[in-house]
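Examining the three-dimensional arrangement
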Amino acid sequence: MIGLVTATASGRRLADRLAASLAPVRSYPVGEIDRAWAECERLVCFLATGATVRLLARRLTDKHTDPGVVCVDEAGRYAVALIGGHAGGANALARRVSAVLGAEPVVTTASDVTGLTALDSLGWPVEGDVAAVTAALLDGRRVTLAADAIWPLPALPVVEVVVAELGAPCLVVTDRLVAPPRPAVVLRPPSLVVGVGASRGAPAAEVLELVRGALAEAGLAEASIRHLATVAAKADEPGIVAAAAELARPLVAQPADALAAVAVPHPSDVVRAAVGTPSVAEAAALLGGNADLVVAKRKSATATVAIARHRPRGRLAVVGLGPGARDLLTPRAAAELRRAGVIVGLDRYVEQIRDLLPPGAQVLVSGIGAEEERARAAVDHARAGRAVALVGSGDAGVYAMASPALELADGSFDVVGVPGVTAALAAAALLGAPLGHDHVAISLSDLHTPWEAIERRVSAAAEGDLVVTFYNPRSRGRDWQLAKALGILAGHRPTTTPVGVVTDASRPGEQVDLTTLADVDPARVGMTTVVVVGSSQTRTVAGRMVTPRGYRWG
Ligand code: SAH
């Protein structure tokens, strides 16, 4: 429950706006702030920070149990994470509140400033002395990092990666039980899958003891368990279900034939006869991954357990940055940039977003023409297990990097696409509503596509009476294609058809011209222009380009 504490009418108005998107919430007048503190996990106080501190000071006990508190000023300009930034969730709440109210989140906890929270965003269990290692990072002291494998981690600032000699303070990424020099932070990657089999009625305590015994003997951390896995027929076996609940991990049920296809060291005919696969525990632990069995099948009276370590998968985020303006870059794109360890992109796009990159990120930029090389670099790093963001302007999948990269990709890493506002949409919004009915995008660049193919498509769009957005309409070496394409369209629609010429949409130097097929001036068209040609139905209304929604006008 989130408590909304208000003292004035303007505070209550802001609280009402929040209530719709933050549910479940409860409202409290400021006089009942003590009750709000007792009843809620988090509070948003529409009060000055000073007033909030005075009201709550005597209630503060422990950062692990106190509610997180965010203060919002009466004008809704700032959302200050005041108390319980991490443990209380106030930092995250300040960001959510800001997104709803259009306020600026104010976050002052140290690890947010150094980028260490990028690690929290992984959602992996963290052990050890976070405060001391964070302080070392803030002081610019040498912090060493050791990892058992290359995990797709976000960039970490001021960290020196070491292989053998770990010195304090340090960060260790491992599923093993270790005793690093202190202060140390140990991050637990979700590498272990525990396969479990059981006879009917196997007690949960027995399953748990078997799991914990296996982990302890192999020197593995419970916190690195990704999930428990069993055969579908045992998905509801109470002892297995309860053990997964006690370990607070999901239970994944696999079909018997999928398990039967996994090669295991200890198959059993008895098990095959009973459940249709010669192995439950070992096969379930190994299934679906590039994995090694680290604990072979072990049995108690009524249960079996095996543990497999799954090797990390890299992550390739293909991120559209939008047409230029920062507020047209989506929050999801910004989050993917923060989460990346390696950023790959065209030099000028990477420059635009450099301030969003985590300190310490490896940045691989190259110039125009090096698309293939960029795609290959991004894929190679993802294949090696790293967290890569491949960026492109507008939408990264529209005449951009997504296809060359994914043409090279295999199934060995995860791919996440983040859509961006493409130039056609940015231009259309400036022009009015030109894309209100069927429309098409055509690139006039004949560098990679023969002109005859482009011309055929322009003719088809002309015959189909589609609104056409021309990308790459003109460059220094390509100066006749646009006139030719417009000529083809003019053969099928009136020369009075509206045409929008938009250059540098949402960037400095933005230009918007609304003209007609007869009057387009190619001299006003450049490398960063899109040309939107209306259909026979498109009209100019009050200086705006409008394509009616229906097939009939009026
Ligand atoms: N991925 C990009 C398109 C890359 S192709 C996107 O989705 O927008 C490059 C062409 O896009 C340019 O030649 C121009 O036609 C168009 N373009 C890109 N950004 C633009 C902007 N801000 N304003 C106008 N046109 C733009």
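Look a little higher up for the structure.
Structural notes, computed from the coordinates. (Residues numbered from 1 in each chain as written. Predicted model: local features only at pLDDT ≥ 70, side-chain atom pairs only at ≥ 80, totals over all residues. Heavy atoms only, no water.)

Take the nonpolar core next. Membership of the largest hydrophobic core comes to 22 residues, with the highest contact counts inside it found for Val194, Val196, Val211, Leu215, Leu228, Val305 and Ile307. Elements represented by at least two residues in this core include exactly strand E12 (192–198), helix H8 (204–218), strand E13 (225–231), helix H9 (238–247) and strand E16 (303–310). The biggest single contributor to this core is H8, with 6 residues. Excluding residues within four positions of it along the chain, valine 211 makes contact with Val194, Leu247 and Val305. Among the nonpolar cores identified, the runner-up in size contains 21 residues, and Ile442, Ala461, Ala462 and Leu517 belong to it. (Core = buried A, V, L, I, M, F, W, Y, C linked by side-chain atoms within 4.5 Å. Buried < 20%, exposed > 50% of the residue type's maximum accessible area, 1.4 Å probe, protein only. Helix = DSSP H or I, 4+ residues; strand = E, 2+ residues; numbered from the N terminus. Contact = heavy atoms within 4.5 Å.)

Taken together, 20 residues surround the ligand, and among them Asp395, Val398, Thr422, Met527 and Thr529 come closest. Here an oxygen atom of the ligand and a backbone polar atom of methionine 527 are 2.7 Å apart. The fraction of the free accessible surface of the ligand (540 Å²) that becomes covered by protein chains is 93%. Classifying every residue of the shell around the ligand by side-chain character gives 11 nonpolar, 6 polar and 3 charged. (Near = heavy atom within 4 Å. Polar contact = N/O pair within 3.5 Å; in protein donor to acceptor, adjacent residues only side chain to side chain. Areas by Shrake-Rupley, 256 points an atom, 1.4 Å probe, with all protein chains shown as cover. Nonpolar A, V, L, I, M, F, W, Y, C, P; charged D, E, K, R; others polar.)

Read from one edge of the open sheet, 6 strands run E2-E1-E3-E4-E5-E6, paired in mixed fashion. A single partner strand is all that each edge strand has here, and the edge strands are strand E2 (25–29) and strand E6 (104–106). Direction aside, neighbouring strands of the sheet carry axes that sit 25° apart on average. Sheet topology note: the strand E3 (residues 42–46)/strand E4 (residues 68–72) ladder contains 4 bridges and is parallel. Within E4, the position partnered with valine 44 by the bridge is valine 70. Seen against the sheet, helix H3 (residues 49–56) touches E3, E4 and strand E5 (78–83) and runs at an angle of roughly 25° to E5. (Pairing = 2+ DSSP bridges. Axes fitted to C-alpha atoms, helices over the stretch in contact; angles between N-to-C directions.)

A few words now on the packing of helix H18 (residues 451–463) against helix H19 (residues 481–490). Interaxial distance between H18 and H19 falls to 8 Å at its minimum, and their mutual angle equals 30°. Relative to H19, H18 is oriented roughly parallel. Between H18 and H19 lies a crossing whose hand is right-handed. Residues Trp451, Glu455, Val458, Ser459 and Ala462 of H18 pack against Gln481, Lys484, Ala485, Ile488 and Leu489 of H19. (Parallel < 35°, antiparallel > 145°, perpendicular 65-115°, else oblique. Left-handed = near helix turned anticlockwise from the far one by under 90°.)

On to the sheet that holds E16, then. Read from one edge to the other, the open sheet built from 5 strands follows the order E14-E13-E12-E16-E15, with strand pairing classed as mixed. Unpaired on one side and paired on the other, strand E14 (251–254) and strand E15 (291–299) mark the two borders of the sheet. The sheet shows a mean angle of 25° between the axes of neighbouring strands, direction not considered. The sheet contact formed by E12 and E13 spans 4 bridges and is parallel. In the strand pairing of E13, valine 194 is matched with leucine 228. Packing of H8 onto the sheet brings it into contact with E12, E13, E15 and E16, and relative to E16 it is tilted by some 40°. Those strands touched by H9 are E12, E13 and E14, and its axis lies near 175° from that of E13.

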